[in-house]
Amino acid sequence: MSALWWSVAFLPLWTLLPVTAGKPCVAQTYGWTSTVCVCNATYCDTMEAVVVPAKGSYLLYETSRAGKRLQPTTGLVQPSSKGQDLQLTLDVRKKYQWIKGFGGAMTDAAAINILSLSPGSRENLLKSYFGDEGIEYNVIRVPMASCDFSTRVYTYDDHPGDLGLKHFSLAEEDTKMKIPLIQAAMRLSRRPMSLFASPWTSPAWMKTNNSTIGKGTLRGSPGGPYYKAWANYFIRFLDEYSRHNLTFWAVTAENEPTAGMFTGYRFQCLGFTPELQRDFIARDLGPALRSGPHRSVRLLMLDDQRLLLPHWASVVLDDLQAARYVDGIAVHWYLDTMTPADKTLGTTHARFPEYFMFATEACTGTMPWEHKVHLGSWERGAMYSHDIIQDLNYFVTGWTDWNLALDLEGGPNWVKNFADSPVIVDRKKDLFYKQPMFYHMAHFSKFVPEGSRRVGLDASEETGLETVAVLQPDGTAVLTVLNWTPRNIDFWIRDPEVGFIPGHSPADSIQSYLWKRK
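Quick caveat: nothing in here was measured; it's all calculated off a predicted structure.

Points about the overall build of the protein
Secondary structure assignment for the protein yields 11 helices and 23 strands. On C-alpha atoms alone, the protein measures out to a radius of gyration of 23 Å, which is about the 24 Å that the 2.2 N^0.38 rule sets for 518 residues. When the backbone C-alpha atoms are referred to their principal axes, the protein occupies close to 85 × 50 × 40 Å. Relative to its full complement of 518 residues, the protein shows a buried share of 61%. In the protein, once contacts between residues fewer than 6 apart in sequence are set aside, the share between residues at least 24 apart is 73%. Surface accessibility of the protein: about 20,000 Å² in total, with carbon and sulfur atoms responsible for 54%. Put simply, the protein has 51 plus and 53 minus side-chain charges, and the middle of one group is 3 Å from the middle of the other.

Some words on helix α10 (residues 378-393)
Between its first and last C-alpha, α10 extends 23 Å over 16 residues, near the 22 Å set by a 1.5 Å rise per residue. Turning to α10, its buried residues are Trp 378, Arg 380, Gly 381, Ala 382, Tyr 384, Ser 385, Asp 387, Ile 388, Ile 389, Asp 391 and Leu 392. The backbone nitrogen of Arg 380 lies 3.2 Å from a side-chain oxygen of the residue at the head of α10, namely Ser 377. Phi for Phe 395, located one or two positions after α10, is positive at around 80°.

Topic: the pattern of salt bridges
Going through the model one piece at a time under the given rule, you end up with 29 salt bridges. The salt bridge partner of Lys 434 is Asp 45, with a shortest N-O separation of 3.3 Å. Taken together, the positions of Lys 434 in strand β17 (residues 431-434) and Asp 45 in the loop between β3 (35-39) and β4 (57-64) put the pair 389 residues apart, joining distant regions of the chain. The pair Lys 434 / Asp 45 is uniform in exposure class, with both members buried. A salt bridge links Arg 93 to Asp 91; its shortest N-O distance comes to 2.9 Å. In this structure Arg 93 comes out as exposed when scored by relative accessible area, which is 73%.

Structural notes on the sheet that holds strand β14 (residues 396-403)
Read once around its circumference, the closed barrel built from eight strands follows the order β7-β8-β9-β10-β11-β12-β13-β14, with strand pairing classed as parallel. Going across the sheet, the axis of each strand differs from the next one's by a mean of 25°, ignoring polarity. Summarising the sheet, strand β7 (residues 101-105) and strand β8 (residues 139-144) pair through three bridges and their orientation is parallel. The residue of β8 that forms the bridge with Gly 103 is Val 139. Sitting on the sheet, α10 touches β7, β13 (356-361) and β14, and the angle it makes with β14 is about 155°.

Considering the side chain of Glu 256
On the secondary structure map, Glu 256 appears in the loop between β10 (250-252) and α6 (274-290). The buried charged residue Glu 256 lacks any salt bridge, with Arg 141 as its nearest oppositely charged partner at 7.0 Å. Apart from residues lying up to four places away in sequence, Glu 256 is in contact with Tyr 265, Asp 303, Asp 304, Gln 305, His 332, Tyr 334 and Glu 361.

What about the nonpolar core?
By size, the foremost hydrophobic cluster in this structure holds 135 residues, and its most contacted members are Tyr 156, Phe 237, Leu 317 and Ile 329. Take this core: its biggest share by element is 10 residues, from helix α5 (residues 225-242). Residue contacts for Leu 317: discarding those within four places in its chain leaves Met 301, Ala 323, Val 326, Ile 329, Phe 352 and Tyr 355. Leu 90, Val 92, Leu 471 and Val 481 belong to the second-largest nonpolar core, a separate cluster that totals 21 residues.

Some details on the side chain of Asp 495
Within the secondary structure, Asp 495 sits in strand β21 (residues 489-495). A relative accessible area of 3% means that Asp 495 is categorised as buried. A distance of 2.8 Å separates the side chain of Asp 495 from the side chain of Arg 517, its partner in a polar contact. Other than its neighbours up to four places away in sequence, Asp 495 contacts Leu 90, Trp 515 and Arg 517.

A look at the state of the cysteines
Scanning the entire structure with this criterion turns up two disulfides. Each sulfur of the disulfide joining Cys 25 and Cys 37 lies 2.1 Å from the other. In this structure, the disulfide formed by Cys 25 and Cys 37 twists by about -105° around the S-S bond and is classed as left-handed. Note that Cys 25 is positioned in the loop between β1 (17-18) and β2 (27-29) and Cys 37 in strand β3, a separation of 12 residues in sequence. A relative accessible area of 0% means that Cys 37 is categorised as buried. Look at the protein and number its bonded cysteines as they come in the sequence; the links are 1-2, 3-4. Residue Cys 269 stays outside any disulfide, its sulfur separated by 12 Å from that of Cys 147, the closest cysteine.

What counts as what
Chains are numbered independently. Their residues run from 1 in the order of the written sequence. In keeping with the model being predicted, local features are shown solely for residues with a pLDDT of at least 70 and side-chain atom pairs are shown and tallied solely at 80 or more, while totals for entire chains, interfaces and linings include all residues. Derived side-chain values reflect all non-hydrogen atoms in the structure, with water molecules and hydrogen atoms excluded from consideration. Starting at the N terminus, helices and strands are each numbered in turn, a helix being any DSSP run of H or I of at least four residues and a strand any DSSP run of E of at least two. With the radius of gyration taken over C-alpha atoms, the globule rule is written as 2.2 Å times the number of residues to the power 0.38. Relative accessible area decides the class of each residue, using a 1.4 Å probe on protein chains only: under 20% of the type maximum gives buried, over 50% gives exposed, and in between gives partly exposed. Contacts were defined at the residue level, with two residues in contact if any of their heavy atoms lie within 4.5 Å. Here the accessible surface of atoms and residues is derived via Shrake-Rupley with a 1.4 Å probe, and residues count as covered only by protein chains that are part of the display. For the charge count, each Lys or Arg is scored as positive and each Asp or Glu as negative, with His and the chain ends excluded. Here the site of a charge means NZ on Lys, CZ on Arg, CG on Asp, or CD on Glu. A helix is expected to span 1.5 Å multiplied by its residue count minus one. Here a polar contact is taken to be a pair of N or O atoms separated by no more than 3.5 Å, where protein atoms must pair a possible hydrogen donor with a possible acceptor and residues adjacent in sequence count only if both atoms sit in side chains. Any carboxyl oxygen of Asp or Glu within 4 Å of a side-chain nitrogen of Lys or Arg constitutes a salt bridge here. Paired strands, in this sense, are two strands between which DSSP finds at least two bridges. Angles run from 0 to 180 degrees between N-to-C directions of axes, and those axes are lines fitted to C-alpha atoms, restricted for helices to the stretch in contact. The set of buried Ala, Val, Leu, Ile, Met, Phe, Trp, Tyr and Cys residues whose side-chain atoms join them within 4.5 Å is what this entry labels a nonpolar core. Any two cysteine sulfur atoms lying within 2.5 Å of each other are counted as a disulfide.

This is the structure in structure tokens:
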């Protein structure tokens, strides 16, 4: 017997054993708190197929500030726990929301950056997000025309007075950039892809201020010609994309509708109060969607900060005419640290449990005092996981990052409203960097597929760990554990149907535990 096999034979039963991994990360540091993984046309880190062992064993994936990136190991489930460590008990009798999925936005900026790469690098980037050797995003957000992450301001009908939308047409940003890339992503994916669209602004001539920026609403009132034309603009967008064999799961009624109520707002916006959005949905957008070929497209209200809940939900959904057209409530993350989840998401779910909630935008590096891109920032990845876990524990059904890829400056962005992204492209070197944010997203997009369902998880004591548990569609249990503290934490996972799994959460790490229950 070799020395290796001799040592393995006498390992304790709970010892973790490495499993076959994909191609390893080529790590590089840029002075921040962790590393990036560097990819180019000929090499990029990958994952092997996720194969959960038979009942009695478990699979663990770990990402850490210290440098692990989705590192897999396996171990044996124990018949009993040892010691007085924290115990996390799975309770599948408590069943909560179904999961829709996770993804990011194909903005003009994202498309420009992805297309700036050589075919080989571009393929590796798309595979990293959408392929089975990657993190398998299943949601893509698509801006309807331009937003701040565009290089110019445009809409699909910049012909004043064209209420019949006779001049409506997609832009080159759609036909030559976003659509081909979305189609490529869908070809790479083994999972069904869900697209949703959001408008930033109507054509300027439809607005009270005759501008795509600044304070302004649609001319007239709901039910009037401008509101009807704007509702038909949604339909025309869906029509044109369908000609490219792209159909949409959902649309949001407006991206950040409160932005257009602020004087001097710097980039594309369209203002709505909750009452105005209610009446627009009831009289214009809802009937337009339900009366045509796109009646299966879901309609999400709000698409703004959760600070606005439950008020906006009450205004819109207490109105029966509007409520019958609404399927869900879209939320952004930007003020989440100021707004308790229980008072916003929790209260909204309690009042309107039949409407799903879905997180539609998040990014880091947005504050004026921040560097826009932090290559290798562990904290920014942990911020993502913290918010996702909190959202999932308060009934949110999925979570969407903002730009899929940005450049080293955090753009392009026509108003220089730069930000960070899980993938940063260096077009001059024909390579891209996968940030800690990318791997934090992976712990949800890869292991919590569409059709999973959140279940109960009870902690035996107060803990610094942040956790959420789900059952995958086939019944596999998944426990996600975020340790955003500077200390290691030991614990046990108790599944009454299976046994005890020994857990060790290193400081500054995120883990996904997977095990069969049957």
